[in-house]
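What follows is the residue order along each chain.
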Amino acid sequence: MDRRSILKNAGIAGVLAAGVAPAVHAQAAIRWRLASSFPKSLDTIYGAAEVFSNQVKAMSGGKFEISVHAAGELMPAFGVVDGVEKGTVDMCHTVPYYFFGKDETFAIGAAIPFGLNSRQMSAWMYEGNGLKLMREFYAKYSMINFPGGNTGAQMGGWFRKELKTKADVKGLKFRIGGFAGRIIERMGGVPQNIPGGEIYQALEKGTIDAAEWVGPYDDQKLGFNKVAPFYYYPGWWEGGPQVDFFINQKQYNALPAEYKAIIEAASSHAHVDMQAKYDARNPAALKQLVGSGAKLRAFPNDMMNEAFKVSMDVYAELSAKNPAWKKVYEDYSKFRADQNLWFRFTEATFDRFMQAQKL
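### Topic: the overall build of the chain
Each helix and strand counted, the chain has 15 helices and 11 strands in total. Rg of the C-alpha trace for the chain: 22 Å, near the compact-globule value of 21 Å for 359 residues, within the 12% margin. Projected onto its principal axes, the C-alpha coordinates of the chain cover approximately 85 × 50 × 45 Å. Buried positions account for 50% of the 359 residues belonging to the chain. For the chain, contacts bridging at least 24 residues in sequence account for 78% of all contacts bridging at least 6. Of the roughly 16400 Å² that the chain leaves accessible, carbon and sulfur atoms contribute 54%. Averaging the coordinates of the 42 positive side-chain charges in the chain and doing the same for the 36 negative ones gives two points 2 Å apart.

### With respect to the packing of aromatic side chains
What the rule picks out here adds up to 33 aromatic pairs. Measuring from centroid to centroid gives 5.6 Å for Phe146 and Tyr252, while their planes differ by 55°, and the two rings are tilted. Here the residue Phe146 occupies a position in strand β4 (residues 143-150), and Tyr252 occupies one in helix α11 (residues 249-253), the gap between them amounting to 106 residues. By the burial criterion, Phe146 is buried, and Tyr252 matches it. Ring geometry for Tyr315 against Trp325: centres 5.5 Å apart, planes inclined by 35°, an arrangement best described as tilted. Highlighted residues: Tyr315 in helix α13 (residues 301-321) and Trp325 in helix α14 (residues 323-345), separated in sequence by 10 residues. The burial state of Tyr315 is the same as that of Trp325; both residues are buried. Each member of the aromatic cluster is reached from another via a ring pair, and the members are Phe78, Tyr97, Tyr98, Phe99, Phe106, Phe137, Tyr138, Tyr141 and Phe246. The ring of Phe146 has Arg135 sitting right over it, with the charged end atom 4.6 Å from the ring centre.

### Side note on the sheet that holds strand β5 (residues 157-159)
In space, the 6 strands of this open sheet follow the order β7-β6-β8-β5-β9-β11, with mixed pairing throughout. Strands with a single pairing partner mark the edges of an open sheet, and in this sheet they are β7 (190-192) and β11 (295-298). Pairing between β5 and strand β9 (residues 230-233): 3 bridges, direction antiparallel. If you follow Trp158 over to β9, its bridge partner there is Tyr231.

### Structural notes on the environment of Asp313
One can find Asp313 in helix α13. With a relative accessible area of 35%, Asp313 lands in the partly exposed category.

### Describing the layout of surface pockets
A probe matching the size of a water molecule, rolled over the atoms, marks out where space remains unfilled. For the largest pocket, the calculated volume is near 1300 Å³. In terms of lining residues, the largest pocket is bounded by 37 residues, among which Asn117, Ala153, Pro234, Gly239 and Asp351 are the most central. Where the lining of the largest pocket is concerned, the elements lending two or more residues are α6 (118-126), α12 (257-291), α14 and α15 (347-355). The element that contributes the greatest number of residues to the lining of the largest pocket is α12, accounting for 7 residues.

### What about the pattern of salt bridges?
According to the stated counting rule, one finds 17 salt bridges in the structure shown. For Arg281, the salt bridge goes to Asp43, with nearest N and O atoms at 3.0 Å. Taken as a pair, Arg281 in helix α12 and Asp43 in the loop between β1 (30-36) and α3 (47-59) lie far apart in primary sequence, 238 residues in all. The class for Asp43 is partly exposed, based on a relative accessible area of 29%. For Lys334, the salt bridge goes to Asp338, with nearest N and O atoms at 3.4 Å.

### Section: empty space enclosed by the protein
Evaluated as defined, the whole model comprises 1 cavity of 30 Å³ or more. Reported here for the largest cavity is a volume of approximately 80 Å³. In terms of lining residues, the largest cavity is bounded by 13 residues, among which Val95, Tyr97, Gln154, Val214 and Glu238 are the most central. Residue composition of the lining of the largest cavity, by class: 9 nonpolar, 2 polar and 2 charged.

### Looking at the pairing of β1
The buried fraction of β1 amounts to 5 of the 7 residues, a majority that puts the element mostly inside the structure. In this structure, β1 lies alongside strand β2 (residues 64-69), joined through 6 bridges in parallel fashion. Note that in β2 the partner of Ala35 across the bridge is His69. Assessed by its sense of winding, the connection that carries the chain from β1 through α3 to β2 is right-handed. In the sheet, β1 pairs with strand β3 (residues 91-94) via 3 bridges, with the strands oriented parallel. The residue of β3 that forms the bridge with Leu34 is Met91.

About the thresholds
- Residues numbered from 1 in each chain as written.
- Predicted model: local features only at pLDDT ≥ 70, side-chain atom pairs only at ≥ 80, totals over all residues.
- Heavy atoms only, no water.
- Helix = DSSP H or I, 4+ residues; strand = E, 2+ residues; numbered from the N terminus.
- Rg over C-alpha atoms; globule rule 2.2 N^0.38 Å.
- Buried < 20%, exposed > 50% of the residue type's maximum accessible area, 1.4 Å probe, protein only.
- Contact = heavy atoms within 4.5 Å.
- Areas by Shrake-Rupley, 256 points an atom, 1.4 Å probe, with all protein chains shown as cover.
- Lys, Arg positive; Asp, Glu negative; His and termini not counted.
- Charge placed at Lys NZ, Arg CZ, Asp CG, Glu CD.
- Phe/Tyr/Trp six-rings, centres within 6.5 Å; stacked < 30°, edge-to-face > 60°.
- Lys NZ or Arg CZ within 6 Å of the ring centre and 35° of its normal.
- Pairing = 2+ DSSP bridges.
- 1 Å grid on protein atoms, 1.4 Å probe; cavity = no way out; pocket = protein on both sides within 12 Å on 5 of 7 lines; lining within 4 Å.
- Points joined across faces, edges and corners; volume = space filled by probe spheres on them.
- Salt bridge = Lys/Arg side-chain N within 4 Å of Asp/Glu carboxyl O.
- Nonpolar A, V, L, I, M, F, W, Y, C, P; charged D, E, K, R; others polar.
- Right-handed = clockwise from strand over helix to strand, strands pointing away.

Laid out in structure tokens, this is it:
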């Protein structure tokens with residue numbers, strides 16, 4: 001090998017040893033802003049955007065930086081999609097179902113009542129038609145999505161009074177996220193869509209009778225147990241809610257291929273990291289909440305059955321009048337049926353056995 005080849009190979013090895021690919025190293029510096037729908041106090045769900053941003057910076061050798069801004073800093077929690085669509089910010093981190101008022105199809109991109117669990121949702125997104133179908137839909141809003149976290153199945157929330165039958169839902173002022181409010185409304189409740197950082201005050205003042213957020217770890221931080229004693233499960237409207245990164249389509253298209261690959265890798269990392277944190281931290285938080293007086297209750301069976309029936313009726317109605325919903329939901333519902341058949345014989349059976357053991 002001649003001297004020139006040795007020097008050339010040594011130079012490439014040095015760059016790779018530094019952890020920066022030559023093509024990325026040569027890219028121009030880019031600075032983006034990300035608007036979150038969450039307060040900084042929630043280190044799990046808000047923190048996923050920081051995990052993402054840190055990965056982007058590290059993988060680009062500091063050339064691609066994304067500043068993360070909590071809800072209310074640049075725009076309201078529920079204003080972030082408009083911000084991305086208009087190009088006010090480059091991207092956001094949010095739960096798609098917050099925006100079902102624009103079109104109910106947004107909800108399928110996060111969670112709908114009695115929908116997919118978190119593993120099934122990731123399977124539909126990455127290996128099914130989920131990403132393809134949702135990206136076709138989001139293109140109408142000039143943005144592209146990347147999965148950016150999942151909480152896993154959620155709790156049913158905090159209630160001032162005990163629920164004994166489905167009749168107790170009537171007149172109940174319930175803070176419930178996104179599309180599930182449609183179901184509660186059909187059941188006689190009064191849904192309230194309130195950002196996470198504002199729920200405690202509404203519950204404390206009696207503006208609402210009940211509230212749900214995510215689960216024990218976040219709920220303990222938000223202090224809901226101090227103002228409502230009954231803690232219900234399961235959150236049948238959020239079996240596996242996905243949080244997304246939405247990026248302005250024009251901004252994304254302008255990125256070099258290397259930075260697009262970094263976005264994809266960093267979002268996947270944040271997606272896995274969020275649920276790992278919730279799964280690791282929720283058990284201890286639940287024990288602490290019960291130890292401090294929280295009263296765990298399962299939703300009444302007649303309420304669950306009624307909620308399921310109403311949900312299926314609403315989906316049929318939407319399929320009849322909303323072409324975008326119909327296109328996505330038909331694929332989603334078929335995938336859900338196949339997944340539930342598979343999980344019935346494997347995951348569910350294994351889980352039931354293990355949960356009956358003394359460990």
